[in-house]
Amino acid sequence: MNVPDDLLYTETHEWARREGDKVRVGITDHAQSELTDVVYVELPKMDRQANAKEAIAVVESVKAASDIYAPVRGTVIEVNRALEADPGLINREPYGQGWIFVLKIDNADDLKQLKDAEAYRKQIS
Amino acid sequence: MTENAPKKTPLYEEHVRLGAKMVPFAGWLMPVQYTSIVEENQTVRNKVGIFDISHMGQLIVEGSGAREWLNVMLTNNIDKLDVGHGQYTFLLNERGGIIDDLIAYRIGEQRFLLVVNAARTDEDFVWLKKWRRPAAGAPENYRQDADTTAIVNRSADFGGVAIQGPGIAELFHALFGKDVDLPPRNAIIDPPFDGTKVSVARTGYTGEDGIEVFFRASDAVKFWNAALEKGKAFGIKPCGLGARDTLRLEMCYPLNGSDLSPERNPIEAGLGVFVDLTKPHFIGRDALLKTKENGPPEKLVQFRMKEKGPPPRPHYAVFQNGERVGEVTSGTLSPSLNWGIGMAYVSAAHAKIGAQIDIEIRGRTFPATIEKKPLYKKS
């Protein structure tokens, strides 16, 4: 399973890439492979506030719907509209074109609560 | 459902070796998918797929009283079965509720094979045994002397696979030889296979042409691998429960435990054709006659979403003109249609083909249309 070293991770299988005072968020390669065949993504509403670990998006496979959680507290400032037409991007490029939303972080210290690549690898092994 | 550790079918090691995702289902550890539900679904629609169905139960009923007694236990008319043929039928409780849906095969003059759902096998067996002896208060006609009818649960002795898809005829001959004919629809034969005997029935749960094969549990790995090897030329893939569910839902075949339950009867489920009300006696008959007379309060309908959107799922509420009229029992994204489909129990007044309904998904409603079955038709 691909777990890039430069990303942060949650226990619930989201990844977060820091971009200044923002984080870009998606689901990990492990998560997409468990789900397989992502067929629908419900994106969060723009400008909504979210607490860490709050469910703000839904990824649906053929079999089931899974909640996607905000990794840290912040405000949704970008959502990936490309997923509406092509939800399979999450399967094909989980760390690239398959990103789901961007949060403006309230407090950069919150990022310390997330796992590094090594800790996440341990979790899924 | 059992509290115990899930059982493993004789093909468990093969599934693991093939990289299947294993999940607990009806007390068994079963493959939900090997690569992808969509891929496996399409393999069955276009080529040929093989499923492990060893979890399903096999009950043998035999004896001089077997035929007459089964006709009281089951809804369809078993007198219509010639030796070597099977029929879809129901096991009902006294209220007409569905304990199980099954296929009954007449495998001998006085010998019947019942292929039942995994989750219901034990319950069916206990129920049937109870009715075999003169139970206190049992109506005279229902009584059956244990001396003339034996019932045995052979589920642990058998493994089984379903092989389904347009490639089945060629694969059948590759497995059993050019001289053995595919049995007709719903018939069952016992062709020799590599020094052993197997039973092959022309049935399935996918809407494609196909067979179900039953063999001794000890022959399961041999048969499975032979089918995969001979099937290579026809594009065979092992397929899991995930694809089995999407394929059956595209055809609107009901799933026991989701669309059928002891609280629902075959008439509400739109399956009255498998109930012979002209039979003088069978368990549940009085209740079904009443349902037929008064009309069922709710009916099982199939629907298609009107827009591309989130797929419907079991337990989502169904509305019409803002009024709650029912609940989804099965729902998915259909891989063949690439569209959301489902089945729901809807109050009879609203259960009309062509009617517009709304499915509530996470607090929002999405329009759908009640359609005729099946939802998927081969083009």
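The numbering scheme is per chain: residues are counted from 1 as the chain's sequence reads. Chain A is the first chain written and ligand 1 is the first ligand written, with later ones labelled in order. Confidence filtering applies because this is a predicted model: local features only for residues at pLDDT of at least 70, side-chain atom pairs given and counted only at 80 or more, and all residues used for totals across whole chains, interfaces and linings. Note that water and hydrogens are dropped before the side-chain values are worked out from all heavy atoms of the structure.

A.B. asks: I tried to follow the overall build of chain B on my own but got confused; where do I start?
C.D. replies: The way it works is that DSSP assigns letters per residue, a run of H or I at least four long becomes a helix, a run of E at least two long becomes a strand, and they are numbered from the N terminus. Each helix and strand in chain B was counted, giving 8 helices and 22 strands. Within these notes, the globule rule equals 2.2 Å times the number of residues to the 0.38 power, and the radius of gyration is based on C-alpha atoms. For a compact globule of 379 residues, the expected C-alpha radius of gyration is about 21 Å, and chain B comes in at 21 Å, within 12% of that figure. Relative accessibility under 20% of the residue-type maximum defines a buried residue, over 50% an exposed one, and the middle range a partly exposed one, all with a 1.4 Å probe and only protein chains included. When the 379 residues of chain B are sorted by exposure, 58% land in the buried category. We call two residues contacting when some pair of their heavy atoms lies within 4.5 Å. In chain B, of all internal contacts separated by at least 6 residues, the share reaching a separation of at least 24 is 66%. All accessibility values rest on the Shrake-Rupley procedure with a 1.4 Å probe; residue burial counts only the protein chains present in the view. Of the accessible surface of chain B, which amounts to about 16,000 Å², a share of 50% is contributed by carbon and sulfur atoms. Counting rule for charge: Lys and Arg are taken as positive, Asp and Glu as negative, and neither His nor the chain ends is counted. To locate a charge, take NZ of a lysine, CZ of an arginine, CG of an aspartate or CD of a glutamate. Once the 47 positive and 46 negative side-chain charges of chain B are each reduced to a mean point, those two points are 3 Å apart.

A.B. asks: Mind showing me how you'd approach helix α5 (residues 168-176) of chain B here?
C.D. replies: In an α-helix, one turn spans 3.6 residues, which is why side chains three or four residues apart end up on the same side. All names here are of chain B. Inspection of α5 places Ile168, Leu171, Phe172, Leu175 and Phe176 among the buried residues, and these make up the whole buried set. Down the axis of α5, the sector holding all buried residues measures 115°, keeping them to one side. Packed against the buried residues of α5 are β10 (158-164), β11 (188-189), β12 (192-193), β14 (199-201), β15 (210-216) and α6 (220-231). Note on α5: the residue one or two positions beyond its end, Gly177, has a positive phi of about 100°. Of all possible arcs, the one meant is that of the directions from the helix axis to the C-beta atoms.

A.B. asks: How should the nonpolar core be read in this particular structure?
C.D. replies: Taken as a class, soluble globular proteins show a tendency for nonpolar side chains to be buried jointly. Here, nonpolar core means buried Ala, Val, Leu, Ile, Met, Phe, Trp, Tyr and Cys residues that are tied together by side-chain atoms lying within 4.5 Å of each other. Ranked by internal contacts, the top residues of the largest apolar core, which has 27 residues, are Val23, Val41, Val59, Ile90, Ile100 and Phe101 of chain A. If you list the elements that add at least two residues to this core, you get β3 (22-27), α1 (29-35), β4 (38-42), β6 (55-61), β8 (74-79), α3 (89-92) and β9 (101-105) of chain A. Apart from the residues lying within four places of it in its own chain, the contact partners of Ile90 of chain A are Ile27, Gln32, Val38, Val41, Val59, Leu83, Gly98 and Ile100 of chain A. Of all hydrophobic cores here, the second largest spans 26 residues; its members include Leu11, Ala20, Phe172 and Ile211 of chain B.

A.B. asks: Would you mind going over the packing of aromatic side chains with me for this structure?
C.D. replies: Here the aromatic set is Phe, Tyr and Trp, taking the six-membered ring for Trp, and pairing holds for ring centres within 6.5 Å; pairs whose planes are under 30 degrees apart are stacked, those over 60 apart are edge-to-face, and all others are tilted. Counted under the stated rule, the structure contains 11 aromatic pairs over all chains. Aromatic ring contacts, followed pair by pair, group Phe172, Phe176, Phe193, Phe215 and Phe223 of chain B into a single cluster. Charge-over-ring contacts are defined here by two conditions on Lys NZ or Arg CZ: a distance within 6 Å of the ring centre and an angle within 35 degrees of the ring normal. The ring of Trp99 of chain A has Arg24 of chain A lying over it, and the distance from NZ or CZ to the ring centre is 4.5 Å.

A.B. asks: Explanation requested: the interface of chain A and chain B in the structure shown.
C.D. replies: Much of the literature gives interface size as the accessible area that the parts lose upon coming together. Each partner contributes to the interface: chain A provides 14 residues, whereas chain B provides 18 residues. Buried area, as used here, totals the accessible surface that two parts lose on assembly, with accessibility defined by a 1.4 Å probe and the loss added over both. Between chain A and chain B, a total of about 1,300 Å² is buried, with carbon and sulfur atoms accounting for 49% of that surface. It is Tyr40, Val62 and Lys63 of chain A that lose the most area in chain A upon contact with chain B, and together they represent 40% of the buried surface on that side. One side-chain nitrogen of Lys or Arg within 4 Å of one carboxyl oxygen of Asp or Glu is enough to make a salt bridge. Across the chain A-chain B interface, the total number found is 3 salt bridges. Across the pair Glu60 of chain A and Arg362 of chain B runs a salt bridge, and its minimum N-O distance is 2.8 Å. Here a polar contact is recorded for every N or O atom pair within 3.5 Å, except that within protein the pair must consist of a potential hydrogen donor and a potential acceptor, and residues adjacent in sequence are included only if both atoms are side-chain atoms. Applying the counting criterion to the chain A and chain B interface returns 14 residue pairs in polar contact (both at pLDDT 80 or more). For this classification, Asp, Glu, Lys and Arg are treated as charged, while Ala, Val, Leu, Ile, Met, Phe, Trp, Tyr, Cys and Pro are nonpolar and the rest, including Gly, are polar. Looking at the side of chain A that touches chain B, its residues break down into 6 nonpolar, 3 polar and 5 charged.

A.B. asks: Help me out: how do you make sense of the packing of α5 of chain B against α6 of chain B in this one?
C.D. replies: All names here are of chain B. To obtain an axis, a line is fitted to C-alpha atoms, over the contacting stretch when the element is a helix, and the angle between two such axes runs from 0 to 180 degrees between their N-to-C directions. The N-to-C vectors of α5 and α6 enclose an angle of 125°; their axes lie 10 Å apart at closest approach. Looking at the two axes, α5 sits oblique to α6. Regarding α5 and α6, the two cross each other, and that crossing is right-handed. Between α5 and α6, the contacting residues are Leu171, Ala174, Leu175 and Phe176 on the first element and Phe223, Ala226, Ala227, Lys230 and Gly231 on the second. Just so you know how the angles are binned, under 35 degrees is roughly parallel, over 145 roughly antiparallel, 65 to 115 roughly perpendicular, and the rest oblique. A crossing counts as left-handed when the near helix is turned anticlockwise from the far one by less than a right angle, and as right-handed when that turn is clockwise.

A.B. asks: Any chance you could explain the pairing of strand β20 (residues 339-347) of chain B here in plain terms?
C.D. replies: Here is the key point about a regular strand: its side chains alternate between the two faces of the sheet. Residue and element names in this part refer to chain B. In terms of burial, β20 is largely enclosed, as 8 of its 9 residues are buried. When strand β19 (residues 323-334) meets β20, the two strands line up antiparallel, connected through 8 bridges. Looking across to β20, one finds that Val328 is bridged to Ala344. Hairpin connection of β19 to β20: 4 residues between the antiparallel strands, including Asn338 at a positive phi of 50°. Only strands joined by at least two bridges in the DSSP assignment are considered to pair.

A.B. asks: What's the story with the pattern of salt bridges in this structure? I'm lost.
C.D. replies: Side chains that carry opposite charge are capable of pairing whenever their charged atoms lie near each other. This model, assessed by the stated rule, comprises 30 salt bridges over all chains. We note a salt bridge from Glu208 of chain B to Arg45 of chain B, for which the minimum N-O separation is 3.0 Å. Of the two residues, Glu208 of chain B is situated in the loop between β14 and β15 and Arg45 of chain B in helix α2 (residues 37-46); the sequence distance between them amounts to 163 residues. The residues Glu208 of chain B and Arg45 of chain B share a single accessibility class, namely buried. Where Asp219 of chain B meets Arg216 of chain B, a salt bridge forms, and the shortest distance between an N and an O atom there is 3.3 Å. According to the relative accessible area criterion, Arg216 of chain B is partly exposed, its value standing at 48%. By sharing partners, the salt bridges in this structure join Glu42 and Glu60 of chain A together with Arg313 and Arg362 of chain B into a single network.

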